[in-house]
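# Working through the structure, step by step
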Amino acid sequence: MSQQGYVAAPPYSQAQPGMGGYQAGFGPGPAQPLYGHYGGPPQAFNGPPAAMMKPPASSAAGMPPPPVSNQYNPNVQQNGAHPQRYPAPPAVTSPYGQPPPASYNNMASPGPPQTHQLTNQMSAMALGNYGGAMQSPPPPTSSVAQQPFQGPPPPAIGQPQMAPGQHPPLMSAQMSPPLSPPAGMPPMAGPPMTGMSRPFPGPPQHPAGPAGFQQPGPAGFPPQAGQFGGHMAGPQPGMPGAFPAAPASMAGPPQKKMDLDSIPSTTQVIQDDRVQHGGQIFCTNTRGQVPPLVTTDFTVQDQGNASPRFMRCTTYSLPCTAELAKQCQVPLAAVIKPLARLPKKETPLCVVNHGDSGPVRCNRCKAYMCPFMQFIDGGRRFQCGFCSCVNEVPDSYFQHLDHLGRRVDLYQRPELSLGSYEFEATIDYCKKNHPPNPPAYIFMIDVSYNNIKSGLVKMICEELKTLLEKLPREEGMENSPIKVGFVTYNKVLHFYNVKSSLAQPQMMVVSDTAEMFIPLLDGFLVNYQESSAVIANLLGQIPDMFADTNESETVFAPVIQAGVEAFKAAECSGKLFIFHSSMPTADAPGRLKNRDDKKLVNTEKEKTLFQPQKSVYEQLSKDCVLTGCCVDLFLFPSQYVDLASMADVTSHTGGSVYKYNNFLMAKDGEHFLRDLRKDVQKSIGFEAVMRVRTSTGFRATDFYGAIHMNNTTDVEMAAVDCDKAVTVEFKHDDTLSVESGALIQCALLYTTISGQRRLRIHNLSLNCSSQLSEVYRSSETDSLINFFAKSAYRAILNQPIKTVREILVSQTAHMLACYKKNCAGPSAASQLILPDAMKVFPVYMNSLMKTAPLVGSTELPTDDRAHQRLLVMSLGVEDTQLMLYPRLIPLHSMDANSEEPPAPVRCSEERLCESGIFLLENGHVMFLWLGQAISPDHAQKIFNVPSISHLQGHMSTLPEVDNPLSRKIRSIISSLQEKRSNSLKLQIVQQRDKAELLFRQFLVEDKGLYGSASYMDFLCYIYREIRQLLT
């Protein structure tokens, strides 16, 4: 490890508010402990006391520093600073949309640290194991929360005292070796907040630094009011074209190109974890055990804690106090996928039946019997692990204890020995104390002019003839108990009687869409096996019945209302499959108008583009949840349809939205049919209610997903399938105990497809620690980015996108600055030290900020942005990980006879080569990229053409050529198609084609198409922010 020529040691002798447990520059904290989470801007790291303030670099000679601004009075101009166009954000600890607890004054900090010639230490960064064990104990941190440092932080036990600026002789495995931007790289001109228009004309503007900081610019530019009350820097030339604030025309001399391999690599982290844990058994018998990454293939053995397939946490060691949590700013959250698929080699969940008495529960907190309950008094009573209440054991449940105090039937009862299991629910858990009926699926087809002429209606009807044979069923059942019904519609609705006793199906038309009702009860919802002949007859007739239609107007809300009424009449729950192509403009409830205004992009009102139009859809969502009516929406738009409004019901009922722009049967038909097949055949539960209970000291406060909430505790979903996840955020309400740890129990009450009411229970125990190093070491980047994505996507409904992006960057810097200060030991101030478990967090965060909802560009269709926002809200950890860091697989150099697929490479243009063939997929799209110089041999073997110049456009499948290479590539593509929850449409792009632009936006380590920063640039900016926070 090379020593730097000049080391700027941080002023540890100064108290560090916000980092050492101090209030961030304002008076007494709120009574309810709140700590920085993504809901509000992170806690400030204030500079030195006002008496020690240096004049900022931007002050002209002989002029006083600009006065401190107050962020809560944006109309006051400070020394000629321009007023903000958007309201000031909430206070440091306030969640989004809530008023600040108190206003406060910012302290201006000294100017940014001197620019050093940064050494090439990035290349020295060794990528340790993800979450590897510490080799040496970290410096004590429990006292940090209460006392400022007096001099450098104390060394670890047994470690010699180091002079300031020296490197410790032994870096712990938990800490990645120091990271500094390489030589020749100037400091970042501004944060990667590109794609945003400037709030006012004049010189290029740079977004604000963190709270309490004033970022000076060159003389002659007045300081500009920043988001957090600080001042924005003036323009700083030097980054050629990195951000709009630094155009290429302002660039200095050409800089030395930085080596991509010198910064942390996501693919390397994934590969290292596979080497360490791949193919192994992960036993869940240890509290707070960090599981392998979601990208690793491993087998789970349930021994008392829920499988990570059901539940993953942002950290498996919670801070003991709210102050520590506030200090480190690592969000405390769990991502729960209650009905997740289990691999065939893992044991399915056990179903426990306690008869009419039902499951045993705690009398006080209502937690269900689980391995965390402690039996006492010879087995006659048990103490709840969640609330410590002592309960009597029912006589029917009594069992003696062995010499260790455990029940002798411990391993015969799943609820006492396993982390996940199911109870058969009693009649008390059923609606109206009546056992539920099996659910139903209703297929509702838009038969307006566009869908008929495109051939879509005929395609749907042909597919349903075979697909209905494959409706989901319980294991061991010969036929599916799910009933089916059919509706077609344009301006009016057509219901079909397909009763098995009929020779021909009968149509009934409802033209009064304002008061929707079901014109028939008997014969509308039927068992497919009994009525298969009549249904096949109907599906054959529908395309011909509407072949000559000229009707182009459609209704939409009445279609959903019809489904709700049908389920009410049949006293069952179910799902609507709606196939729709245009904005509902017919005169009926739920009529929408075009509100796609590109002038709103990058303004305060941009958030309205993501908000549904306040109309019947809000009430419709409530009706659907109450009835147990889930809505899946298949959209085939050729122009703007206001997806934010149309998909609002779907987003609150546990449904999915599928979107096929400018649908063409030849190009998109198979893609759509694969989606439909996967969707219909998914394992699913209906009328679901989920509650998350915790042990004393913390509680669930926020929930993110395709859910509806009538109160603060019950998560309601009309249906929940095996791919839907709910992200739950936790907050402290008391001090947690290191000895007893923290417990989480997720209970999901739902109806199975056979009509049985079940309770699915998932239990998880976490560690608690007063050492911040433990919190960081036990954190999981993939779960963290899932939480940040969902909380940011919810925030853009209420906040300017520019503000949301700034908070994301600020919190990233705060988390890493806190680690460097409190956990990394003595090191040079110019070094960037990342927690081992979070060393690739910056690449995910930068990728998140490049996603369509968070990029303010008028080139992006509003519906596409709204679709991605809704899609992410219900994704699990593995889905967000793949979406934000796609797989880029080189196919040209692989061994065609090997069973293993090639290892992915970094998602960057630098990894492409002109003679290469690369497959890129992110769980939603798939590209096959062909270099210009691909060999004729490869072209012949894969495409059966002499060269790639002979390829025809819009290929979506590979020809079946009989050779090992062709078979291997088609096998890889087929395997990925099977594994992902969505269909992946294969798009073949050639180097330097126009279509290649679409492919390049998924190379997330490079600069974005709309001006967003590369991974390298973002890392350098985060480095600069951390230095400012710590100096």
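Rules used throughout
- Residues numbered from 1 in each chain as written.
- Predicted model: local features only at pLDDT ≥ 70, side-chain atom pairs only at ≥ 80, totals over all residues.
- Heavy atoms only, no water.
- Helix = DSSP H or I, 4+ residues; strand = E, 2+ residues; numbered from the N terminus.
- Buried < 20%, exposed > 50% of the residue type's maximum accessible area, 1.4 Å probe, protein only.
- Contact = heavy atoms within 4.5 Å.
- Areas by Shrake-Rupley, 256 points an atom, 1.4 Å probe, with all protein chains shown as cover.
- Axes fitted to C-alpha atoms, helices over the stretch in contact; angles between N-to-C directions.
- Parallel < 35°, antiparallel > 145°, perpendicular 65-115°, else oblique.
- Left-handed = near helix turned anticlockwise from the far one by under 90°.
- Nonpolar A, V, L, I, M, F, W, Y, C, P; charged D, E, K, R; others polar.
- Salt bridge = Lys/Arg side-chain N within 4 Å of Asp/Glu carboxyl O.
- 1 Å grid on protein atoms, 1.4 Å probe; cavity = no way out; pocket = protein on both sides within 12 Å on 5 of 7 lines; lining within 4 Å.
- Points joined across faces, edges and corners; volume = space filled by probe spheres on them.

This part takes up the overall build of the chain. A count of helical and extended segments in the chain gives 21 helices and 30 strands. Expressed as a percentage of the 1031 residues in the chain, the buried residues total 60%. Across the chain, contacts joining residues at least 24 apart in sequence account for 75% of those joining residues at least 6 apart. Surface exposure of the chain reaches about 38,600 Å², of which carbon and sulfur atoms provide 51%.

What follows concerns the packing of helix H15 (residues 841-848) against helix H21 (residues 1015-1030). Packing of H15 against H21 brings their axes to within 9 Å, and their N-to-C directions diverge by 110°. One way to sum up the angle between H15 and H21 is to call them roughly perpendicular. Judged by the sense of rotation from one axis to the other, the crossing of H15 with H21 is right-handed. Across the interface between the two elements, Pro 842, Val 843, Met 845 and Asn 846 from H15 touch Tyr 1015, Phe 1018 and Leu 1019 from H21. Looking at side-chain class alone, the contact of H15 with H21 contains six nonpolar, one polar and no charged residues.

A side chain with one charge may pair with a side chain of the opposite charge, provided their charged atoms come close. If you walk through the whole model with that rule in mind, you get 45 salt bridges. The partner of Arg 911 in a salt bridge is Asp 261, and the shortest N-O contact between them spans 2.4 Å. Of this pair, Arg 911 sits in the loop between strand E27 (887-890) and strand E28 (917-921) while Asp 261 sits in the loop between strand E2 (231-232) and helix H1 (266-277), and the two are 650 residues apart along the sequence. Its relative accessible area of 24% is what places Arg 911 among the partly exposed residues. Measuring nitrogen to oxygen at the nearest pair gives 2.9 Å for the salt bridge that ties Glu 606 to Arg 865. Of the two residues, Glu 606 is situated in the loop between strand E18 (574-580) and helix H8 (616-627) and Arg 865 in helix H16 (residues 862-872); the sequence distance between them amounts to 259 residues. Owing to a relative accessible area of 2%, Glu 606 belongs among the buried residues under this scheme. On the basis of relative accessibility, which here comes to 2%, the residue Arg 865 falls in the buried class. One salt-bridge network, held together by shared partners, links Arg 341, Lys 682, Asp 721, Asp 723 and Lys 724.

Taken as a whole, this structure holds nine cavities of 30 Å³ or more when the rule is applied. Of the volumes computed, that of the second largest cavity is approximately 100 Å³. Forming the boundary of the second largest cavity are 14 residues, of which Phe 282, Gln 289, Asn 305, Ala 306 and Leu 764 lie nearest the centre. The class makeup of the residues in the lining of the second largest cavity is seven nonpolar, seven polar and no charged.

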